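Report on the structure
Here's the letter readout for the chains.
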Protein chains: 2
Amino acid sequence: MDLSAKSEYALLALLELSPHFASGEPLQIRQIASQQNIPDRYLEQLLATLRRAGLVKSLRGARGGYLLARDPWKITLYDVVSCIEGFEAQTDPAQSSPTPETLVIQAVWGEARQAAETVLQKCTLQDLVERRNAQQQVDIMYYI
Amino acid sequence: MDLSAKSEYALLALLELSPHFASGEPLQIRQIASQQNIPDRYLEQLLATLRRAGLVKSLRGARGGYLLARDPWKITLYDVVSCIEGFEAQTDPAQSSPTPETLVIQAVWGEARQAAETVLQKCTLQDLVERRNAQQQVDIMYYI
DNA sequence: TGCAAACCCCAGTGGAGAACCGGAGTATAA
DNA sequence: TTATACTCCGGTTCTCCACTGGGGTTTGCA
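The name given to chain A in an unreviewed UniProt entry is Transcriptional regulator, and the organism recorded there is Shackletoniella antarctica.

Below, the structure is given as structure tokens:
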């Protein structure tokens, strides 16, 4: 029920990439990692997953790096979390003969999960960027 | 993001206790465990937690057992899951200086979590019982 | 053409927590 | 008084998350 470090790292990385989408300049793993305090060898794996999911593109070789595959307002938090966390494929083969009780419980749990996913589907990377900027404005006002 | 065996066991046990609330007759751990296929020594721990949370009462000694502490329509799934899973106290002391990025991410995640919890708060044990009965009716109709 | 900078793949490890088991003790109905 | 139940507390096994490491391959640039 709580956010895994894995998903948080992925979101932070994509958040870091968002402002660079317009210019088309790639960011390197090291830069993202040091900027957001993420173990770089670990971030590497996450970016590979995001690449296979079609959320980022990579440029190999010297002067390479990563960039968003599409506009930051066309990537939802659900896109990110679901591909990182690996939803789906939860058929649970051990549960050969589910009882009526477990079925009902799973059904309600599915509704709760659905409600959470709807929130994530409605929030894009661009929304996150703007909320962060707005928050920083508030901080500055308090600082003055 | 997925339902733990722990919570599912607890819900199954309370579901088993629900029909017996009216009569006031206690159910024993062994009975619940064998009925719902739960390791009995493990269920014992869960029921102890539920008792401390005030969701069930225990009768010690011969002919003892467990019974619901209040009406099954006055116990929500949120009551159960939150006490079993131990929500709250997630201040995360390691996060001494949260960045604006992590703050925004946590905020949205909190909204998603809140949406899921609302679903659980609206569903009572009695709702579960009735949905199970309704489902069984459907099964019977298909059987005929 | 060489070489360094970057991505790419795969395999392992350490620690934490979940799920479960066991034993000794205590309360209580019969 | 005794059998039946709950109660407390500790250990054990197993899985998974977060992370690390050792190899590659690709590519811009001097």
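What follows covers the protein's contact with DNA strand C. The local shell around DNA strand C holds 24 residues, among which Gln28, Ser58 and Tyr66 of chain A together with Arg41 and Gln45 of chain B are the closest. For DNA strand C, the backbone makes up 54% of the atoms found within 4 Å of the protein, where backbone means sugar plus phosphate. Separating a phosphate oxygen of DNA strand C from a side-chain N or O atom of Tyr66 of chain A is a distance of 2.6 Å. Contact between DNA strand C and Tyr42 of chain B: a phosphate oxygen at 3.3 Å from a side-chain N or O atom of the residue. Within the residue set of the surface near DNA strand C, elements represented by two or more residues are α3 (40-52), β1 (56-59) and β2 (65-68) of chain A together with α1 (5-17) and α3 (40-52) of chain B. Per-element tally for the surface near DNA strand C: the top contributor is α3 of chain A, with 5 residues.

Further remarks concern the interface of chain A and chain B. Listed as interface residues are 34 residues of chain A and, on the opposing side, 33 residues of chain B. Of the roughly 3500 Å² buried where chain A meets chain B, counting both sides, 75% is carbon and sulfur surface. Among the residues of chain A in contact with chain B, Met1, Ile105 and Trp109 of chain A are the three that bury the most area, contributing 23% of the side total. The interface formed by chain A and chain B includes 4 salt bridges. For Arg131 of chain B, the salt bridge is made with Glu111 of chain A, and the minimal N-O distance between the two is 3.0 Å. Linking chain A with chain B are 4 residue pairs in polar contact (both at pLDDT 80 or more), by the criterion used here.

Here we come to unusual backbone geometry. Even without being glycine, Arg63 of chain A reaches a positive phi, approximately 65°. For Arg63 of chain A, a relative accessible area of 77% gives the class exposed. Look at Asn37 of chain B: it is not a glycine, yet its phi comes out positive at around 60°. Locating Asn37 of chain B in the fold gives a position in the loop between α2 (29-36) and α3. A relative accessible area of 67% places Asn37 of chain B in the exposed class.

Taken as rigid bodies, chain A and chain B are interconverted by a rotation of 180° and an axial shift of 0.1 Å, the fit giving an RMSD of 0.1 Å. In short, the pair behaves as if placed about a two-fold rotation axis. Taking the C-alpha atom as reference, chain A places Met1 of chain A closest to the rotation axis, 2.1 Å from it. Comparing interface residues between copies, 97% of those in chain A also sit at the interface in chain B, which points to an isologous, same-surface contact.

Attention now goes to the environment of Ala22 of chain A. All names here are of chain A. With respect to the helices and strands, the residue Ala22 is situated in the loop between α1 (5-17) and α2 (29-36). Judged by its relative accessible area of 78%, Ala22 is exposed. Taking C-alpha positions, Ala22 is 8.4 Å from Asp71, a pair spaced 49 residues apart along the chain.

Turning next to the pairing of strand β1 (residues 56-59) of chain B. Residues and elements named next belong to chain B. Pairing between β1 and strand β2 (residues 65-68): 4 bridges, direction antiparallel. Looking across to β2, one finds that Val56 is bridged to Leu68. Counting the residues between successive antiparallel strands, the hairpin from β1 to β2 contains 5 residues, one of them, Gly61, with a positive phi of roughly 85°.

A word on the protein's contact with DNA strand D. Near DNA strand D, the surroundings consist of 25 residues, among which Arg41 and Gln45 of chain A together with Glu44, Ser58 and Tyr66 of chain B are the closest. When atoms of DNA strand D within 4 Å of the protein are sorted by moiety, sugar and phosphate together comprise 63%. Arg60 of chain A places a polar side-chain atom, nitrogen or oxygen, 3.2 Å from a base oxygen of DNA strand D. At 3.1 Å, a side-chain N or O of Glu44 of chain B approaches a base nitrogen of DNA strand D. The element that contributes the greatest number of residues to the surface near DNA strand D is α3 of chain B, accounting for 4 residues. Here the surface near DNA strand D is built from residues that sort into 9 nonpolar, 8 polar and 8 charged.

Definitions and cut-offs
- Residues numbered from 1 in each chain as written.
- Chains lettered and ligands numbered in written order.
- Predicted model: local features only at pLDDT ≥ 70, side-chain atom pairs only at ≥ 80, totals over all residues.
- Heavy atoms only, no water.
- Near = heavy atom within 4 Å.
- Polar contact = N/O pair within 3.5 Å; in protein donor to acceptor, adjacent residues only side chain to side chain.
- Helix = DSSP H or I, 4+ residues; strand = E, 2+ residues; numbered from the N terminus.
- Contact = heavy atoms within 4.5 Å.
- Buried area = accessible area lost by both parts, 1.4 Å probe.
- Salt bridge = Lys/Arg side-chain N within 4 Å of Asp/Glu carboxyl O.
- Buried < 20%, exposed > 50% of the residue type's maximum accessible area, 1.4 Å probe, protein only.
- Least-squares fit on C-alpha atoms with pLDDT ≥ 70 in both.
- Pairing = 2+ DSSP bridges.
- Nonpolar A, V, L, I, M, F, W, Y, C, P; charged D, E, K, R; others polar.

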